[in-house]
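# Summary of structural features
Okay, here's what each chain looks like letter by letter:
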Amino acid sequence: EPEVTQTPSHQVTQMGQEVILRCVPISNHLYFYWYRQILGQKVEFLVSFYNNEISEKSEIFDDQFSVERPDGSNFTLKIRSTKLEDSAMYFCASSDSTTSQPQHFGDGTRLSIL
Amino acid sequence: EDQVTQSPEALRLQEGESSSLNCSYTVSGLRGLFWYRQDPGKGPEFLFTLYSAGEEKEKERLKATLTKKESFLHITAPKPEDSATYLCAVHNPSGGGADGLTFGKGTHLIIQP
């Protein structure tokens, strides 16, 4: 069964450094998403992406964040200057439509900011 | 104000002891309610989508139902492998485009042998 894959599984970064999280969505999907989950808290929406542009973003997704689909298979989340509070699990998801099909999630990247 | 509220926060059952998990939502114009299962250190795994009041979906020991204000996830004769956190989510109310999901905090379910 096709799945969303995320790399790396764990990223440790010094505060203030840039980090790029990578995702390979399911191949025929058109809609891509990033979520985060701070330890012990709920899954929170960050951004959605369709047709090579951001479709929707939350208040969390400020100017420190950016997303890109650099080629036909990868979808990336960049955090420009990491803060301690960016420590969380980051999940990528994809779907082949907005409402009639579910979003399928990867197993996440655990981001630890020191 | 929370748009998705799940209860209970945690539930411990004996193997074979059936129960229900609740998800209350306050968004108007529901465009889909989703149930996911999340195991420790893993991403949410899709279980069900429900669209309209009265709809029901089943998968093995799980059945999801939907009313105009809430959804239930019924678990019948659970086994230890059903232990997980069960998440409920709805589409963000802003509408349009590729909409994100708003999740509840989840119910942490433990099934004891």
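Use the structure listed above.
Description of the structure in this document. Everything numeric in this text was worked out from a predicted model, so none of it was measured.

Rules of the game
Residues numbered from 1 in each chain as written. Chains lettered and ligands numbered in written order. Predicted model: local features only at pLDDT ≥ 70, side-chain atom pairs only at ≥ 80, totals over all residues. Heavy atoms only, no water. Helix = DSSP H or I, 4+ residues; strand = E, 2+ residues; numbered from the N terminus. Rg over C-alpha atoms; globule rule 2.2 N^0.38 Å. Buried < 20%, exposed > 50% of the residue type's maximum accessible area, 1.4 Å probe, protein only. Contact = heavy atoms within 4.5 Å. Core = buried A, V, L, I, M, F, W, Y, C linked by side-chain atoms within 4.5 Å. Pairing = 2+ DSSP bridges. Axes fitted to C-alpha atoms, helices over the stretch in contact; angles between N-to-C directions.

### Thoughts on the overall build of chain B
A tally of regular secondary structure across chain B gives zero helices and 11 strands. Along chain B, helices and strands appear, N-terminal first, in the series β-β-β-β-β-β-β-β-β-β-β. Whereas a compact globule of 113 residues would reach a radius of gyration of roughly 13 Å, chain B reaches 14 Å, a difference of no more than 12%. On the principal axes, the C-alpha backbone points of chain B span a range of 45 × 30 × 25 Å. By the burial criterion, 46% of the 113 residues in chain B qualify as buried. Restricting to contacts in chain B with at least 6 residues of sequence separation, those with at least 24 account for 53%.

### Observations concerning the overall build of chain A
Helix and strand content of chain A: zero helices and 11 strands. Reading the secondary structure of chain A in the N-to-C direction produces β-β-β-β-β-β-β-β-β-β-β. For 114 residues, the compact-globule estimate of 2.2 N^0.38 gives 13 Å, and chain A sits close to it at 13 Å. In terms of principal-axis extent, the alpha carbons of chain A reach across some 40 × 25 × 25 Å. Taking all 114 residues of chain A together, the buried fraction comes to 45%. Considering only residue pairs separated by 6 or more positions, chain A has 53% of its internal contacts joining residues 24 or more positions apart.

### Thoughts on unusual backbone geometry
Going from T7(A) to P8(A), the amide bond is cis rather than trans, its omega being -10°. Along the polypeptide, P8(A) turns up in the loop between β1 (5–7) and β2 (10–13). Look at the link from S7(B) to P8(B): it is a cis peptide, with omega at -10°. Tracing the chain through its elements places P8(B) in the loop between β1 (4–7) and β2 (10–14). Phi is positive for N52(A), which is not a glycine, with a value near 65°. You can see N52(A) is positioned in the loop between β5 (44–50) and β6 (53–57). Classification of N52(A) by relative accessible area gives exposed; the value is 60%.

### As for the nonpolar core
Buried together is how nonpolar side chains tend to be arranged in soluble globular proteins. All names here are of chain B. Counting residues in hydrophobic clusters, the biggest one holds 23 residues, and the most contacted among them are L33, W35, F48, L62, L73, Y86 and L109. Only β2, β3 (19–25), β4 (33–38), β5 (45–50), β7 (62–66), β8 (70–75), β9 (84–91) and β11 (107–112) provide two or more residues apiece to this core. If one sorts the elements of this core by residue count, β9 sits on top with four residues.

### Observations regarding the sheet that holds β8(B)
Residue and element names in this part refer to chain B. Across the sheet, which stays open at both edges, the five strands sit in the order β1-β3-β8-β7-β6 with antiparallel pairing between neighbours. Of all the strands in the sheet, the pair left with one neighbour each is β1 and β6 (56–59). For this sheet the average axis-to-axis angle between neighbouring strands, irrespective of direction, equals 15°.

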